[in-house]
Amino acid sequence: MILKKFFSAIFLSILAFASPAQVINKEPLSPRITGYRIDARLDTAAKLIHGTMEAFWVNQGADQVPDIQMHLYMNAFRNSKTTMYRGSGPAGDSTKWGWVDIEEFKLADGRDLLPYMHFIRPDDGNPHDSTVVQVMLPEPATPGDTVAVKVKFVTKLPSKIRRTGYNDDYFFVAQWFPKFGVYEPAGMRARVSGGWNCHQFHANSEFYANHSVYDVNITVPDDYVVGTGGMLISEQDWPDDPAYKTQVWRAEDIVDFAWTAWPGYAVYTDKWKHVSITLLIPAERKDQVERQFTAVKNALEYLSDRVGPFPWPHLTFVDPPMKGSGAGGMEYTTIFTSSSAPMMPGWIHMPEMVTVHEFGHAYFMGILATNEFEDPWMDEGINSFFEARIMDHYWGERSGMVDHRLLKVADKTSARSSYVYSPNRQVVSNSEYSWNYPLGTYGMMSYMKASTWLFTLMGIVGEETTDDIFREYYRLWAFKHPGPKDFINVVNEVVSKNHGDKFGPDMNWFFDQTLYGTGICDYRVAAFNSFRQDTSKVRIQSGDSIVAGKAVCDSLYKSSIELQRIGEVMLPVEVLVHFSKGNEVLLSWDGRERYKKLEVLSGSPVKWVKIDPEYKIRMDVNFINNSKIYETDMVPVKRIMNKLLAFLQFYISAFVL
Amino acid sequence: MNLFKALASGLLRTGKAWQGAIMIWLGSLLTASLFLLPFRRFVRSALDGSTITERLRDGIDIEVLGDLGAGFRNLITALPAGMFLLVLLAVALGAFLNGGIFNSLKTPQKRFSFAEFFSASSRNFWSFLVITLVIGVMIYLLSVILIGVPVLILTMSGSGSEKAPFITVIVSIIVFVLLSLIFQLASDYARAWQAAQEKPACFRAIGFGFRRTFRTIVSSWIMMLILFLVQGLFAWLSLTLIARWIPGTGGGVFMLFIVSQVLVLLKCVLRIWRYGSVTSLMEMKNSLDHKPSDATIQNTQV
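If you're wondering where the values come from, they're calculated on a predicted model, not measured in any experiment.

Once that is clear, we can look at the pattern of salt bridges. Close approach of charged atoms lets side chains of opposite charge pair. Applying the stated criterion across every chain, the model contains 42 salt bridges over all chains. Salt-bridge contacts for Glu104 of chain A lead to Lys106 of chain A; the nearest nitrogen and oxygen are separated by 3.7 Å. When its relative accessible area of 30% is taken as the criterion, Lys106 of chain A is described as partly exposed. One salt bridge connects Asp188 of chain B with Arg274 of chain B, and the closest N-O pair in it is separated by 2.7 Å. A residue pair is termed long-range when its members are at least 10 positions apart, and Asp188 of chain B in helix H7 (residues 163-196) and Arg274 of chain B in helix H10 (residues 250-290) qualify at 86 residues. Take Asp188 of chain B and Arg274 of chain B: they sit in the same class, and that class is buried.

Set out below in structure tokens:
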């Protein structure tokens, strides 16, 4: 009872400091489970952040919770034996370590929690890793209780920026403060019993957190330009030293608060509908500004249309300078980092791609706050899928990545290529914890394979249904923590609504093979032949589909088409048969048998056959054997070879003095 | 004026040694084909029987290349080593053929004879190879010093303008190209001198090449610059034409082959023009050096 009263009092004080009144949005977008008020001062010489933090966590489950668990991500940079460095290989000799030290840890009533604090290693038991801390509470938090803590900490930023750190006077500050793990009640993300989800920092992992409110005061030298994921509320001189300034930032309903400070930033602003966009970019990269804004606005438009509205009125993105390039390509919902270079030619869409991708994480991880540790495909895979769609939609179906007259590369091509050409594409399924992908397959599996099978899913159910799936996914799961089963349930529901039982009672068969399976998909046209028929004995016959064709009785051909499923994955495919008189027939095959013979009747013999003529089944690891023709058109090959020959002759002539 | 006389003379000499241009072109065709034919055969056999080539109609399709499978990837992996060997072969072949070319460009000019051409080629081969390799290494070191070092310093320093490394690279490349012309001149003078000698003396030739280059640096360098610009412009136009031309029929592809090879041949002709011009300039200078002065003539008369 005393505890209840205590927590109630604390909760009231929390409400006072955590601004019950919304500042950015009129209504909270997410339940207020955690919140942070942080005072941070950047010591640019010592590369330290001196911080004090008041934070709360509300027990929204039905369990009594005896502890709290927090991430101390910065300790991943503490020594060369941390779990992160074990995964990534040793740090360079010149690396300056990073760490976070807790100097005080108290309950809001002043009771000291430091004696009850100890490091835990839930993933690997590595004694050198101190990225997760467990603090035993004096009394368990009962359902509805709020645990409020005051923490004084010092964060030392690492050199050699890996997402976070410093280089000279450049700072990108992420994963810098003690941050609550996610307490998952039973039933959440298919969890059997309640418990903390608080993983260590791994080389190949990102993050997982509750949507929170952040009130952050940042004190930096006057000449530093600061960008954060929040909205700037006010700025004033720091009372202790007028050479410093303190900025007050507010962020609502985001899962992480990161910021950057550097005197060399030029600040550009633009607007898309209700969103004020700020770009921090080195002043010398003025030529990159317009393309960066175009990219982010395209992404905003596409994702708002096809997934759901972007709910914040502010967005900041950063194009780090060369010396801060290690911070490039990372996302913190309302602030993200892109990656361009001075004088980058316009036909290379790499900066646009990075911008579109990292912005996309505002949806797939930011709004739909999946567990990036455990289900990396749900943020990286889905986001890569949308990145490719956006790039190819706005920058050309064949030229989303590279648009040069000599070479065009679509974004979806690069994703498929990474998966298809990987020798390790079958070593593990797509459903693994991020640090469990062996042989360096994390990126290929969680980004590229997932994107490729999502394209395949779209090829099967159609683009419209795919968009419906993601709109429904957003509607049901925005500002929550969906797991794989939740996504699959949405797919099943929408596909069933749009297509009935065309694909069976559900789409589990698809996910069993693509997400949970390790098989490959490869279909092949083995052979075909056509024989003129004795018209007096004609009998219409076809394979799985009804063949629509006119039986012209004075010239009728019976054609046999032999198809093969070489891979393990079974997907429904279309088969296009082209006849020598130019007419075509589109057949469908459920793709289940290892060998399938189709027979068609037509007024002319078959000229060629194609499985999946529109290349919708992008998981198919070999498009070349998807078709068969007696006489291949080698003109394009000869042309390319002739050009290569001439280029080679010019090339070698350069070496002959 | 000597400069233009030399260019004109070089052009005339090239016209008289056109068979040499054919030989160089043929050499480059054979060398490149040696490299490309297995690749071509592999690609053709991999794509045979498929309609996928329709995706190559507008240009290279990365997905199609990738789907060629492990064999293709192995070929790509072996590409750098293959290219290195190809360049070595081309350098050796170039040294051989240039021996004949320089011989046929010197005065007194005789009617071009293949027997004489190959005789000179074999006679000059080792000298020319050494000259090519020594001066090639010098040019390589020059590139490292002029391009690599400044960029490395700028990159390592990690401070200053972001555009500085890019601008430095561009400026360094321009300076490198302009300075490398001196080394090319030296190699041309060295070979022209060697071609006029009966016995191989490659290091003396290199010495002569540099002496002559620096003694006539202004006229020689300007002439080389003109030739370089003409050759560069021609190469750029040729490559652009070849790259942009996308014939869709067998006849068109055959035309592409013919035109592209004619362009390669013309590139060879331009190179021989350079050799001829340098040879001519050297001979002009030699004749001036050996022309008796008026005082000498008067003394002789007395």
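Before going further, it helps to spend a moment on the domain arrangement of chain A. Note on interface size: it is often stated as the accessible area lost on association of the parts. Residue and element names in this part refer to chain A. The domain architecture assigned to chain A consists of domain 1 (1-261), domain 2 (264-367), domain 3 (410-514) and domain 4 (523-630). Taken over C-alpha atoms, the centre of domain 3 sits 29 Å from the centre of domain 4. With 18 residues of domain 3 at the contact, the number on the domain 4 side is 13 residues. Roughly 1,300 Å² is buried in total at the junction of domain 3 and domain 4, and carbon and sulfur atoms are behind 62% of that figure. Counting the surface domain 3 buries against domain 4, the share from its top three residues, Arg416, Thr456 and Gln513, is 39%. Put simply, domain 3 and domain 4 have 0 salt bridges between them. Across the contact surface, domain 3 and domain 4 share 6 residue pairs in polar contact (both at pLDDT 80 or more). Among the secondary structure elements, those contributing two or more residues to the side of domain 3 that touches domain 4 are helix H7 (411-420), helix H8 (442-461) and helix H11 (508-514).

A contiguous nonpolar patch, built from Met343 of chain A together with Ile167, Ile170, Val171, Ile174, Val175, Leu178 and Leu179 of chain B and spanning about 610 Å² of accessible area, is present on the exposed surface. Here Val175 of chain B is to be found in helix H7.

Quick look at the interface of chain B and chain A now. Listed by partner, the interface residues are 78 residues for chain B and 56 residues for chain A. Between chain B and chain A, roughly 6,000 Å² of surface is buried when both sides are summed, and carbon and sulfur atoms account for 65% of that area. For the pair chain B and chain A, the number of links is 7 salt bridges. Between Glu63 of chain B and Arg618 of chain A there is a salt bridge; the shortest N-O distance is 2.1 Å. The interface formed by chain B and chain A holds 27 residue pairs in polar contact (both at pLDDT 80 or more) in total. At the level of secondary structure, the elements contributing two or more residues to the side of chain B that touches chain A comprise helix H2 (18-47), helix H3 (62-67), helix H5 (79-105), helix H6 (114-157), H7, helix H9 (217-244) and H10 of chain B.

This part covers the side chain of Lys610 of chain A. In this fold, Lys610 of chain A is placed in strand S30 (residues 606-611). Since its relative accessible area comes to 8%, Lys610 of chain A is described here as buried. Only 2.7 Å separates the side chain of Lys610 of chain A from the side chain of Glu54 of chain B, close enough to count as a polar contact. Ignoring sequence-local partners within four residues, the contact set of Lys610 of chain A consists of Glu574, Val575, Leu576, Asn626 and Ser627 of chain A together with Thr51 and Glu54 of chain B.

Residues and elements named next belong to chain A. Mapped onto the elements, Ala21 comes out in the loop between helix H1 (2-17) and strand S1 (34-43). Exposure remark for Ala21: the relative accessible area of 52% places this residue in the exposed category. As for Ala21 and Met619, which are separated by 598 residues in sequence, their C-alpha atoms are 49 Å apart.

Turning to the pairing of strand S13 (residues 212-221) of chain A, a few remarks are in order. Residues and elements named next belong to chain A. Of all 10 residues that make up S13, 9 are buried, and the element is covered over most of its length. The pairing of S1 with S13 spans 8 bridges and is classified as parallel. Bridge pairing in S13 links Tyr36 to Tyr214. When S13 meets strand S16 (residues 241-254), the two strands line up antiparallel, connected through 10 bridges. Each bridged residue has a counterpart across the sheet, and for Asp215 the counterpart in S16 is Arg250.

Ranked by internal contacts, the top residues of the largest apolar core, which has 172 residues, are Trp176, Phe257, Trp259, Phe359, Phe470 and Phe487 of chain A. The dominant element in this core, judged by the number of residues it contributes, is H8 of chain A, at 11 residues. Leaving out residues up to four positions away in the same chain, Phe487 of chain A has contacts with Trp377, Met378, Ile382, Leu454, Ile469, Phe470, Tyr473 and Phe511 of chain A. Counting residues in each nonpolar core, the second largest holds 87 residues, with Phe623 of chain A together with Leu56, Leu185 and Trp193 of chain B among its members.

Residues and elements named next belong to chain A. Strand order in this open sheet of 4 strands is S8-S9-S17-S14, and the pairing throughout is antiparallel. On the outer flanks of this sheet lie strand S8 (165-167) and strand S14 (225-228), each paired with one strand and no other. For this sheet, the mean inter-axis angle between neighbouring strands, taken without regard to orientation, is 10 degrees. When S8 meets strand S9 (residues 170-173), the two strands line up antiparallel, connected through 3 bridges. Within the sheet, the bridge partner assigned to Asn167 lies in S9 and is Tyr170.

Reading guide: rules and limits
Residues numbered from 1 in each chain as written. Chains lettered and ligands numbered in written order. Predicted model: local features only at pLDDT ≥ 70, side-chain atom pairs only at ≥ 80, totals over all residues. Heavy atoms only, no water. Salt bridge = Lys/Arg side-chain N within 4 Å of Asp/Glu carboxyl O. Buried < 20%, exposed > 50% of the residue type's maximum accessible area, 1.4 Å probe, protein only. Helix = DSSP H or I, 4+ residues; strand = E, 2+ residues; numbered from the N terminus. Domains from an automatic or database assignment. Contact = heavy atoms within 4.5 Å. Buried area = accessible area lost by both parts, 1.4 Å probe. Polar contact = N/O pair within 3.5 Å; in protein donor to acceptor, adjacent residues only side chain to side chain. Patch = residues over 30% accessible without salt bridge, like charges linked within 9 Å, V, L, I, M, F, W, Y side chains within 5 Å. Areas by Shrake-Rupley, 256 points an atom, 1.4 Å probe, with all protein chains shown as cover. Pairing = 2+ DSSP bridges. Core = buried A, V, L, I, M, F, W, Y, C linked by side-chain atoms within 4.5 Å. Axes fitted to C-alpha atoms, helices over the stretch in contact; angles between N-to-C directions.

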